[in-house]
Amino acid sequence: KLETRLKIIFSHLNAASFSSLSPFGAPCSQTSTLQHKDDDYVVIPRNLKYSLRVTSREQYASMYMDSIREPDMFWNKLAKDFFWKKEYATSQPLCKFNFDARKSPIFVEWFRGGYTNVCYNALDRHVIAGRGGQPALLWEGNDLGQDSCSTYQDLLNYTCQISNFLLSKNVVKGDRVCIYMPMIPELPCGMLACARIGAIHSVVFAGFSAEALAGRILDCCPKVVITCSAFKRGNKLVDLMGIVDTALQLCLERENFSPETCLIYENPRVASNKDTLWKEGRDLRWQDVIPCMDKKAPVEWMEAEDPLFMLYTSGSTGKPKGVVHTVGGYMVYSAVTFKYIFDHQPGDVFWCTADCGWITGHTYVTYGPLLNCATCVIYEGIPTWPDAGRYWQIIDKFNVTAFHTAPTAIRTLESSGDEFVKKHSRKSLKLLGSVGEPINPKAWWWYFEVVGEKRCPIVDTWWQTETGATMISPLPWAWPLKPGSATLPFFGVQLALVDENGNEKHGPCEGFLCIKGPWPGIARTLYQNHERYEESYFKTFYGYYTTGDGCRRDDDGYYWITGRIDDVINVSGHRISTGEVESVLNAHPACAEAAVVGIPHKVKGQGIYAFVVLMKEASASEELRISFLQSVRKEIGSFAAPEIIHWVTGLPKTRSGKVMRRILRKIACGEFDNLGDLSSLADPSVIDDILNTKP
Ligand code: ATP
Ligand code: MG
């Protein structure tokens, strides 16, 4: 089947058609850079319409070497695109750092002495350049027929009004503001308003419970909490204000803390029971105060290393960490990755489906696109509302050119059937993105063939909350793609695969994924917990930033994330990543989703326990179990065949959509009373469902 697929893809890639498609008239040099053609790989013909920044792996290699050998020259050139109120010092290195925990403390600084403002660069700079009339945010509500368009000028005015409100409440540089809102334009505007006055925003995903919200509020003690009365996600009504009220009650009881002000956007689309919850003196209605504010607001010029925001990690491997990013490095790194990885050009319409409550929503919904003066879509609802065609319908409605989503959404939509995709044209799309988890080849092919109709490259972007922006990703059209590989490091990113003793391995190999030197977007600390920062990232292997992920480098130098280090299973001395086994299970036609964990085994050391969600039309049977086992035996080897296959109706996921294997591990080992921190679990009923079924 694969061969036929490759044939289809290569049939329009003969040299003649390729050279005519190349913007520089050069024949295809892309395939020549791959040494190992036996791998399953894909080259997508370039289209003359797109003026590419990086056109070949050779050009990338030369730029990449510049970024490593001459980082100051490289980043200085890119940082100059932004407005700096006061230039950073160029008489000394642009970056100072210590990555060696034996010579503590760990620190990273970029663009020291420079003063700038991220909001000014994301809004004022474009308005001053005459682009105030360009659409900035195209908003689509949960229900059909709800939408709005705001230009850069609109966004600037609105943001200034919010800034002025915060200033009127004595919020000053360094104060924290907690934002707990659905995906409405007020959310990114609230973030920008904080950035404008130097307040540190802490956005909490509006799917979190009162308990989880209270914990995050107590962690940073914000002066103001910004929220919304209520909203709809799919057909579910979320009473946000009620949750906030409970959370603030918990904060009072536990640490006698209350924010001075709670600003509540009253959602005109949803009725709420505001009378019962209104707290005089604390709560203010957005619509009463914001429109009265002046549409011009002062800018707080921030030193490059002043904090911009704090944000919690997803909590896949443990208690979420409150990551802190700073102004200068984050601004430059988020904007530059956006521009190159999504090949952003004027006129493009970009849509990243991430919620602003996650780092992807900070970097690729808000800061990266707006710093590049992009037009972007934000959507309030879920992919399957009112049906599984909603994403594709929105793409047609707004003529989206680049679409970026997560493997969990791709798998959900794949299992809903192709007819939902095919109903819509998707002809505006030029590229697709994936982020958040390894994308298994079956989902990759579906995304590529059905959604992108084989004409759109997929940028599989690997990164973390802590890295600020993408670290490993293809540059579209510049080199062949391999389904499941994030391919090559971004400029300035020095990857290292190390063994268990911390020695770097070279050539094709597998190891712990580490990063050797500092890049501008690296998190500078964990909020008020620098010790945990040093412990989590710098003490496993001295001299490196340790990512916590495992990774393989193939003969072509491509990187393949194999999953979390904690998730590696050792069966009879064979180290095998969960991702590898899951990928085979996922490829089974009856499988909608699968996750595997290790369980103690008397003979083998560890055995494999698989949780499998079946496609709607499939039902569990002994034959099916055997057929799953056979596919693992055939694709990997008998040793990797799961001991147990547990048919379940869903997998426990973080609210950002990642499988929480640490919970599954406990369930598989029978430790039901000690499931660990569940605050980031999206749907607790999934656990009950699993516990109520027998493997
Ligand atoms: P926590 O750090 O609290 O355990 P988390 O690591 O899930 O949570 P995030 O920062 O949101 O929090 O996720 C980063 C992780 O997501 C990466 O370390 C990696 O495991 C996974 N990841 C992200 N993108 C990709 C990708 N393209 N391919 C493979 N894995 C990815
Ligand atoms: Mg992590």
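Residues numbered from 1 in each chain as written. Chains lettered and ligands numbered in written order. Predicted model: local features only at pLDDT ≥ 70, side-chain atom pairs only at ≥ 80, totals over all residues. Heavy atoms only, no water.

The name an unreviewed UniProt entry gives the chain is Acetyl-coenzyme A synthetase, with Ceratopteris richardii as the organism. Quoted verbatim from the Catalytic activity (unreviewed entry) field of the UniProt record, the comment on the chain reads "acetate + ATP + CoA = acetyl-CoA + AMP + diphosphate". Per UniProt, the chain carries the Sequence similarities (unreviewed entry) text "Belongs to the ATP-dependent AMP-binding enzyme family." (UniProt positions renumbered as here; feature names shortened; annotations may be inferred.)

Caption draft 1: Up close: the site of ligand 1. As a matter of local geometry, ligand 1 sits amid 20 residues, with Thr313, Ser316, Thr317, Thr465 and Lys658 nearest to it. One of the side-chain N or O atoms of Asp460 is found 2.8 Å from a nitrogen atom in ligand 1. In the model, a nitrogen atom of ligand 1 is placed 2.8 Å from a nitrogen or oxygen of the Thr461 main chain. Within the complex, the protein chains bury 94% of what would otherwise be the 630 Å² of accessible surface of ligand 1. Breaking the shell around ligand 1 down by element, the ones donating at least two residues are strand E20 (458-461) and strand E26 (559-564). Here the shell around ligand 1 is composed, by residue class, of 4 nonpolar, 9 polar and 7 charged. (Near = heavy atom within 4 Å. Polar contact = N/O pair within 3.5 Å; in protein donor to acceptor, adjacent residues only side chain to side chain. Areas by Shrake-Rupley, 256 points an atom, 1.4 Å probe, with all protein chains shown as cover. Helix = DSSP H or I, 4+ residues; strand = E, 2+ residues; numbered from the N terminus. Nonpolar A, V, L, I, M, F, W, Y, C, P; charged D, E, K, R; others polar.)

Caption draft 2: Highlighting the side chain of Ser202. Position of Ser202 relative to the elements: it lies in strand E7 (residues 200-203). With relative accessibility at 1%, the residue Ser202 sits in the buried group. Look past the residues within four positions of Ser202 in its chain and what remains in contact with it is Val177, Cys178, Ile179, Cys220, Met310 and Tyr312. (Buried < 20%, exposed > 50% of the residue type's maximum accessible area, 1.4 Å probe, protein only. Contact = heavy atoms within 4.5 Å.)

Caption draft 3: Region of interest: the sheet that holds strand E12 (residues 283-285). One open sheet holds the 8 strands; their spatial order is E12-E11-E8-E6-E7-E14-E15-E24, and the pairing between them is mixed. Edge positions in the sheet fall to E12 and strand E24 (525-526), since each of these pairs with one other strand and no more. Pairing of strand E8 (residues 224-228) with strand E11 (residues 261-265), which is carried by 5 bridges, proceeds in the parallel orientation. When the sheet's bridge partners are listed, Ile226 is paired in E11 with Leu263. Each of strand E14 (307-312) and strand E15 (322-326) is contacted by helix H12 (residues 327-341), which is oriented at about 85° to E15, the strand it contacts most. Its contacts with the sheet put helix H13 (residues 359-371) on E7, E14 and E15, and the angle it makes with E14 is roughly 135°. (Pairing = 2+ DSSP bridges. Axes fitted to C-alpha atoms, helices over the stretch in contact; angles between N-to-C directions.)

Caption draft 4: A look at the packing of aromatic side chains. Taken as a whole and assessed by the stated rule, the structure comprises 51 aromatic pairs. Measuring from ring centre to ring centre gives 5.7 Å for Tyr330 and Tyr367, while their planes differ by 90°; the resulting arrangement is edge-to-face. In this pair, Tyr330 sits in helix H12 while Tyr367 sits in helix H13, placing the two residues 37 residues apart along the sequence. For the pair Tyr330 and Tyr367, a shared accessibility class is recorded, and that class is buried. Centroid distance Trp445 to Phe448: 5.9 Å. Interplanar angle 80°. Geometry classified as edge-to-face. Here Trp445 pairs with Phe448, and both are found in helix H17 (residues 441-451), just 3 residues apart, close to one helical turn. By relative accessible area, which is 3% here, Trp445 ends up buried. Here Phe448 falls in the buried class, since its relative accessible area comes to 0%. In this arrangement the basic side chain of Arg216 is found over the ring face of Phe208, its NZ or CZ atom lying 4.3 Å from the centre. Its end group placed over the ring of Tyr558, Lys482 keeps NZ or CZ at 4.6 Å from the ring centre. (Phe/Tyr/Trp six-rings, centres within 6.5 Å; stacked < 30°, edge-to-face > 60°. Lys NZ or Arg CZ within 6 Å of the ring centre and 35° of its normal.)

Caption draft 5: Structural detail: the sheet that holds strand E21 (residues 495-498). Strand order in the open sheet made by the 5 strands is E22-E21-E23-E25-E26, with antiparallel pairing throughout. Each edge of the open sheet is held by one strand with a lone partner, namely strand E22 (504-505) and E26. Sheet topology places strand E25 (residues 545-553) next to E26; 5 bridges connect them, and they run antiparallel. Within the sheet, the bridge partner assigned to Arg553 lies in E26 and is Tyr559.

Caption draft 6: Representation of the pattern of salt bridges. According to the stated counting rule, one finds 39 salt bridges in the structure shown. Salt-bridge contacts for Lys430 lead to Asp343; the nearest nitrogen and oxygen are separated by 3.6 Å. Remark: Asp343 occurs in the loop between H12 and strand E16 (349-352) and Lys430 occurs in the loop between helix H16 (419-422) and strand E19 (431-435); sequence separation between them is 87 residues. Per residue, the accessibility class of Lys430 equals that of Asp343, and both read buried. Because the salt bridges share partners, they merge into one network encompassing Arg53, Asp343, Asp348 and Lys430. (Salt bridge = Lys/Arg side-chain N within 4 Å of Asp/Glu carboxyl O.)

Caption draft 7: How the structure looks around the nonpolar core. The biggest cluster of nonpolar side chains holds 185 residues, and the ones touching the most others in it are Trp75, Phe111, Tyr367, Phe403, Leu475 and Phe491. If one sorts the elements of this core by residue count, H12 sits on top with 10 residues. (Core = buried A, V, L, I, M, F, W, Y, C linked by side-chain atoms within 4.5 Å.)

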